[in-house]
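Close look at the chain arrangement
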Amino acid sequence: MLAISILGQEEYFRMTQAKGHLPARRVTRLATVLLHMSACFAPHLTDAVFPVCATLVMCYLLVIRTRKVATIADVCTTFMGLFYAGYLPSFWTRLHGVEPETVNVLCVALQKFMAGVLPGVQWSMFIKSGAMLVFWTWLPGGLSDI
């Protein structure tokens, strides 16, 4: 997931550079690595890592970078790349760490409910823990695009 996030960030930053903006690519890439590492090894700290990384990126853009003064468009494109290609994919990384027992309890409960609604159908073939995770994580993304 980290490699896909970095490739997506690189594609986005190349697109913004073609329009004349100069996002902080290296610092944002470092922040993405930190976000994904914290999502793997300390998922409860990932939400705290994002504001710290955003502050470091802002400090870099406004204070440390000396080749050109950062414009508002540079800051916006940098944060857009950090948020959409760094922070949001870290949720998928956190999702892989979910204990299957908690999802299996939900699957069994849903299978029993559906067996009461439509008896005679083998619901255990359709309702599995992987399908539940994918569906419930896809649903907010699909609904947010509407």
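Residues numbered from 1 in each chain as written. Predicted model: local features only at pLDDT ≥ 70, side-chain atom pairs only at ≥ 80, totals over all residues. Heavy atoms only, no water.

**A closer look at the overall build of the chain**
The cut-off we apply is this: Where helices and strands are cited, they refer to DSSP runs of H or I of at least four residues and of E of at least two residues respectively, numbered from the N terminus. Two things to know: the radius of gyration comes from C-alpha atoms, and the globule rule equals 2.2 Å times the number of residues to the power 0.38. When accessible area is computed with a 1.4 Å probe and restricted to protein chains, residues below 20% of their type maximum are described as buried, those above 50% as exposed, and intermediate ones as partly exposed. Should any heavy atoms of two residues lie within 4.5 Å, those residues are counted as being in contact. Residue exposure ignores everything except the shown protein chains as possible cover, and the areas themselves are Shrake-Rupley values with a 1.4 Å probe.
For the chain, the helix and strand inventory stands at 7 helices and 0 strands. Reading the secondary structure of the chain in the N-to-C direction produces α-α-α-α-α-α-α. Over its C-alpha trace the chain gives a radius of gyration of 20 Å, far above what one expects of a compact globule, namely 15 Å for 146 residues. Seen along its three principal axes, the alpha-carbon backbone of the chain occupies a region of about 70 × 30 × 20 Å. Evaluated residue by residue, the chain yields a buried proportion of 32% over its 146 residues. Long-range pairs, those at least 24 residues apart, make up 66% of the contacts in the chain with a sequence separation of at least 6. Here the chain has roughly 9,500 Å² of accessible surface; of this, 72% comes from carbon and sulfur atoms.

**So, helix α1 (residues 2–18)**
The cut-off we apply is this: The span you would expect from a helix comes to 1.5 Å times its residue count less one.
Given a rise of 1.5 Å per residue, 17 residues ought to cover 24 Å, and the 24 Å separating the end C-alpha atoms of α1 matches this to within 8%. Of the positions making up α1, those classed as buried are S5, Q9, E10, Y12, F13 and T16. Buried residues in α1 make contact with α2 (25–41), α4 (72–87) and α5 (89–95). At the C-terminal side of α1, G20 shows a positive phi close to 105 degrees.

**Looking at the pattern of salt bridges**
Rule in force here: One speaks of a salt bridge when a side-chain nitrogen belonging to Lys or Arg is within 4 Å of a carboxyl oxygen belonging to Asp or Glu.
Scanning the entire structure with this criterion turns up 3 salt bridges. Its salt-bridge partner being E10, residue R14 comes within 3.6 Å of it at the nearest N-O pair. Pair noted here: R14 and E10 are both in helix α1, with a separation of 4 residues, about one helical turn. In this structure, E10 and R25 form a salt bridge, with 2.5 Å as the shortest nitrogen-oxygen distance. Taken together, the positions of E10 in helix α1 and R25 in helix α2 put the pair 15 residues apart, joining distant regions of the chain. Here R25 falls in the partly exposed class, since its relative accessible area comes to 27%. Residues participating in the shared-partner salt-bridge network are E10, R14, R25 and R29.

**Focus: the nonpolar core**
For the record, the criterion: Here, the term nonpolar core denotes a set of buried Ala, Val, Leu, Ile, Met, Phe, Trp, Tyr and Cys residues that are joined through side-chain atoms within 4.5 Å.
Among the nonpolar cores identified, the biggest contains 13 residues, and L35, F50, V57, L61 and L82 are the most heavily contacted of them. The set of elements that each furnish at least two residues to this core consists of α2, α3 (46–64) and α4. Ignoring anything within four residues of it in the chain, the contact list for F50 reads L35, L82, F83 and Y87. Residues M114, W123, I127 and M132 belong to the second largest nonpolar core, which totals 6 residues.

Just geometry here; none of it tells us what the structure is for.
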